[in-house]
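Residue-level listing of the chains:
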Amino acid sequence: MIIIDEICKFVNSKDIADYLGEIEYNFSLAEASWLIYQCKHLNLKEKHKEWEHLIENTFDWPFETSESKEPSLHRFLKRYIETENRYLKEFTNPDGSIYHFSVNVIESNDLDYIATVDCFYSSYENCLQAAKEYCKDFQEPDCKSFRIKMVKKSIDSSDEFKDRLDIYLNNKFEIESIDAYGIPEEDLNTLIAFDCMWFSFPTPFKKGDIICGRHSSPDLCRGPMVLECTAPEYYKEKNRKGRDISDMWMMGYFQSDTGEIYSETSNDNYMDFEYYPIEKLTGKQRILIALSNYLKDEIDISLMVKAYHQILLEETAHDNMPREFTEEGLKLAGLR
């Protein structure tokens, strides 16, 4: 038996998790398994444990992806866990390979960047210890979080993606996931199965809501957006389903650094979105508030266009305000 509260805790978005709990959504076994797979706060061992719990406490069921059909989800999960553990064991066995790592750093202002390290190591243990030492600099107040990518590569291979394994570790140095390249087709089909699934979960969001991917950072098609429609709504209107995880998006309006509004689908999965605090929309982003209210039919297009024009003029004037003078000097010049 699938208990709703037990599955809701795997949803990355608190707003969606709360909503699914309120409507007592009836999760399928495939949906529950996929939510465990994409859960951001579970490490690899914890995901395996949750899948094993599902196997022990649910009736088995067939399922299909965009690439394959499986007669037993229980057997698939067991095969998936075994495959990941096998490649994880292979990753920790040096066997004449080299290791290196990089760090995805997320700063307190939500900007992120990749810190590359031009060093190579003879074992997983040595590489991990070096990563721990390196990441001490990213545990200061101005660093929000970090994620480590560690690569194992055959020394004599000239093909970048042959004989290569990647693992990802969280800021507690726990293994989150593993990617394998140049592996047998059967293993590859197992490891990509969850990404070949598509689901239509209900969400609390409505047209005009200002939302943001929970794990997003300000970038193209990222950051706060004004919702036009969700993927489930779009595909329902088209009377068809999405193909895989890449079709689980939000469609709406984003804003560039210059204040320009553009329509696009999100980079983030729609199950990661939450309401964006309106008090955080300052400067040019105030335009998103006007656009939101227009899409909700709370203001007409005339007021929307005037607000867009006025806010851009105000922020352009602010951006071009002389910085080299004191406040007193600006007042004497009539600029304050």
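Before any of the text, the structure's been laid out above.
Residues numbered from 1 in each chain as written. Predicted model: local features only at pLDDT ≥ 70, side-chain atom pairs only at ≥ 80, totals over all residues. Heavy atoms only, no water.

## As for unusual backbone geometry
In this structure, Glu 24 is a non-glycine residue whose phi angle is positive, near 55°. Mapped onto the secondary structure, Glu 24 falls in the loop between α2 (14–22) and α3 (29–38). Positive phi outside glycine occurs at Asp 95, with the angle close to 35°. Within the secondary structure layout, Asp 95 lies in the loop between α5 (73–92) and β3 (97–107). (Helix = DSSP H or I, 4+ residues; strand = E, 2+ residues; numbered from the N terminus.)

## Here's the deal with the environment of Gly 242
Relative to the helices and strands, Gly 242 is located in the loop between α8 (231–237) and β10 (250–255). Beyond its immediate stretch of four places on either side in the chain, Gly 242 contacts Trp 198, Tyr 235 and Asp 247. (Contact = heavy atoms within 4.5 Å.)

## Side note on the pattern of salt bridges
The final tally for this structure, using the stated rule, is 16 salt bridges. Put simply, Asp 166 and Arg 164 hold a salt bridge, and the shortest N to O gap is 2.8 Å. For Arg 164, a relative accessible area of 9% corresponds to the buried category. Here Lys 207 makes a salt bridge to Glu 228, at a shortest N to O gap of 3.4 Å. Of this pair, Lys 207 sits in the loop between α7 (185–191) and β8 (210–213) while Glu 228 sits in strand β9 (residues 225–230), and the two are 21 residues apart along the sequence. (Salt bridge = Lys/Arg side-chain N within 4 Å of Asp/Glu carboxyl O. Buried < 20%, exposed > 50% of the residue type's maximum accessible area, 1.4 Å probe, protein only.)

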